Amino acid sequence: SKSLSDEENLKLFGKCNNPNGHGHNYKARLLISLLFSPQIDPVSGMVINLTDLKEYMQEAIMKPLDHKNLDKDVPYFAEVVSTTENVAVFIWENLKKLLPMGTLYKVKVYETDQNIVVYKGEETTSE
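What you see is a predicted model, and the numbers here were worked out from it, not measured in a lab.

(A) A look at the overall build of the chain. Counting secondary structure elements, the chain contains four helices and four strands. Reading the chain from its N end, one meets helices and strands in the order α-β-α-α-α-β-β-β. By element, 53% of the accessible surface of the chain is carried by carbon and sulfur atoms, the whole surface being about 8900 Å².

This is the structure in structure tokens:
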């Protein structure tokens, strides 16, 4: 964090505090809502076409984040600390712009098998 001293960053972020950066292989899972979303299409049997969903994920997640140094290559993270929590917010906000209103229920981002962040709009919980 640019707003903390080197000592504070080391204490807060531990081994993730590396001046040259460090990497993660994040996994993201999306949950689409039937509760507030449009009805299931009677012809396709789907709330959203999976081909369309894959395209939205490509545009909102893979294109801006895949094989990128978040702090250097993604403008959003120039001023926002690239924690897993903020990655989840970034994904949520990007997907929300593309998906039909009310279909996105939550985003789960896995930094590791033990470090998982769940984001549901304004509500964030760790599992």
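Now that the structure is up, let's keep going.
(B) Inspection of the nonpolar core at higher detail. Counting residues in each nonpolar core, the largest one holds 22 residues, and the members touching the most others are Leu30, Ile61, Leu65, Phe77, Ile91, Leu95 and Val107. The element contributing the most residues to this core is helix α4 (residues 84-98), with seven residues. Ignoring anything within four residues of it in the chain, the contact list for Leu95 reads Leu30, Tyr56, Met57, Ala60, Ile61 and Leu104.

(C) Spotlight on α4. Compared with the 21 Å implied by 1.5 Å per residue over 15 residues, the 22 Å span of α4 between its first and last C-alpha is a close match. Among all positions in α4, only Thr84, Val87, Ala88, Val89, Phe90, Ile91, Trp92, Asn94 and Leu95 are buried. Where the residues of α4 are buried, they touch β1 (27-32), α2 (50-65), α3 (70-73), β2 (104-110) and β3 (116-120).

(D) Inspection of the confidence of the model for the chain at higher detail. Looking at the chain, the pLDDT average stands at 84 and 86% of residues meet or exceed 70. The element-level mean pLDDT for the chain is lowest in strand β4 (residues 123-126), coming to 54, with α4 highest at 94.

(E) Fine view of the side chain of Glu111. For Glu111, the location among the structural elements is in the loop between β2 and β3. Glu111 sits in the buried class, given a relative accessible area of 17%. Within polar-contact distance, the side chain of Glu111 engages the side chain of Thr84 at 2.3 Å. In terms of polar contacts, Glu111 uses its side chain to reach the side chain of Asn115, at 2.8 Å.

Thresholds applied
Residues numbered from 1 in each chain as written. Predicted model: local features only at pLDDT ≥ 70, side-chain atom pairs only at ≥ 80, totals over all residues. Heavy atoms only, no water. Helix = DSSP H or I, 4+ residues; strand = E, 2+ residues; numbered from the N terminus. Areas by Shrake-Rupley, 256 points an atom, 1.4 Å probe, with all protein chains shown as cover. Core = buried A, V, L, I, M, F, W, Y, C linked by side-chain atoms within 4.5 Å. Buried < 20%, exposed > 50% of the residue type's maximum accessible area, 1.4 Å probe, protein only. Contact = heavy atoms within 4.5 Å. Expected span 1.5 Å × (residues − 1). pLDDT = per-residue confidence, 0-100. Polar contact = N/O pair within 3.5 Å; in protein donor to acceptor, adjacent residues only side chain to side chain.

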